[in-house]
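Listed here are the chains, written in short residue letters.
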Amino acid sequence: MRERKELLVLIPVHNEEKNIGGVLEQMTLQRIQDIADILVINDASEDSSAQVIRKWPFQMLTNMERLGYGTSLQLGYRYAARNGYRYVIQLDGDGQHDVCNIRPIYQRMRERGVDGEYPDLVLASRFMEGSAEFPVIFLKRVAFRWFRFLIRIITKQRVSDPTTGLQGLNKRAFAYYGERGHFDDRYPDANMVIQMLLLGFRIAEIPAVMHARKEGRSMHRGIQPFWYMFRMFFEIPAVIWRVRLEKQSGRVYSRPEGVQDDIL
């Protein structure tokens, strides 16, 4: 039997027949399979995404009904937890997240910070020194600044790119996300960053290389950005309230003092 790697690269896909092939080709060209297992979650695509994915020697799980972006990610987290993976790196299948980011994220997850601790989550940022130039429309810039402000006010910490979907997670983080009620099934963005910081998870950021979408349709199209902002308006207070209740009930995640990832 093939020996599992400690790293799982997780790619949720819905109707990305024009993009996913290029992503998987880059996985092969950059030999990501040497350091990671690769899992594509096909979220009931109605186009030829599944046929494209099958051309490549990677694992694919298929949702028979569309479950959504967040739920597909959560399925991947549960898969990783049940199969003994130590790290997960998630990236989108639309080509916006350059595959070249995988190795730097993986390296950062295995490095201690200035506090001597390993990060639980590594966020790949579009807005740090060293990040590739990334075009952002005015309304999105306003939203990013608003989310940065909220995170700083609520958690007392600074996050430059609170909505990045390109992330690395250690076992503590993805196992927590995999539990019922711990992850947003639709828009897991700044609300999840706030949740994890309030719970005591350690978050690090590194500069990223990302590209604008060239083909297909984004899930943030039409009226979706307005629905997204409306949902975040209520979801962020709900996250704060849920974390407070968990702490009061004693069910909250706690990080054992002195225990590091290298001995888990």
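Structure's up top.
Residues numbered from 1 in each chain as written. Predicted model: local features only at pLDDT ≥ 70, side-chain atom pairs only at ≥ 80, totals over all residues. Heavy atoms only, no water.

1. Thoughts on the layout of surface pockets
- Approximately 280 Å³ is the volume attributed to the second largest pocket.
- Along the wall of the second largest pocket there are 17 residues; nearest its centre are N19, G22, V23, D94 and G95.
- Looking at the lining of the second largest pocket residue by residue, the class counts come to three nonpolar, seven polar and seven charged. (1 Å grid on protein atoms, 1.4 Å probe; cavity = no way out; pocket = protein on both sides within 12 Å on 5 of 7 lines; lining within 4 Å. Points joined across faces, edges and corners; volume = space filled by probe spheres on them. Nonpolar A, V, L, I, M, F, W, Y, C, P; charged D, E, K, R; others polar.)

2. Side note on the sheet that holds strand β4 (residues 87-90)
- Spatial strand order, β3-β2-β1-β4-β6-β5-β7: seven strands in an open sheet with mixed pairing. Of all strands in the sheet, those with a lone pairing partner are β3 (59-63) and β7 (203-207), marking the two edges. Direction aside, neighbouring strands of the sheet carry axes that sit 20° apart on average.
- Bridge count between β4 and strand β6 (residues 167-170): four bridges; the pairing is antiparallel. When the bridges of β6 are listed, I89 appears paired with G168.
- Packed onto the sheet, helix α3 (residues 69-82) meets β1 (7-13), β2 (37-43), β3, β4 and β6 and runs at close to 155° relative to β1. (Pairing = 2+ DSSP bridges. Helix = DSSP H or I, 4+ residues; strand = E, 2+ residues; numbered from the N terminus. Axes fitted to C-alpha atoms, helices over the stretch in contact; angles between N-to-C directions. Contact = heavy atoms within 4.5 Å.)

3. Considering the environment of S131
- Mapping S131 onto the fold places it in the loop between β5 (121-125) and α5 (138-155).
- Separated by 76 residues in sequence, S131 and P207 place their C-alpha atoms 4.4 Å apart.
- Beyond its immediate chain neighbours, meaning those up to four positions away, S131 contacts S125, R126, P207 and A208.
- Engagement of the side chain of S131 in a polar contact is seen with the backbone oxygen of S125, the distance being 2.8 Å. (Polar contact = N/O pair within 3.5 Å; in protein donor to acceptor, adjacent residues only side chain to side chain.)

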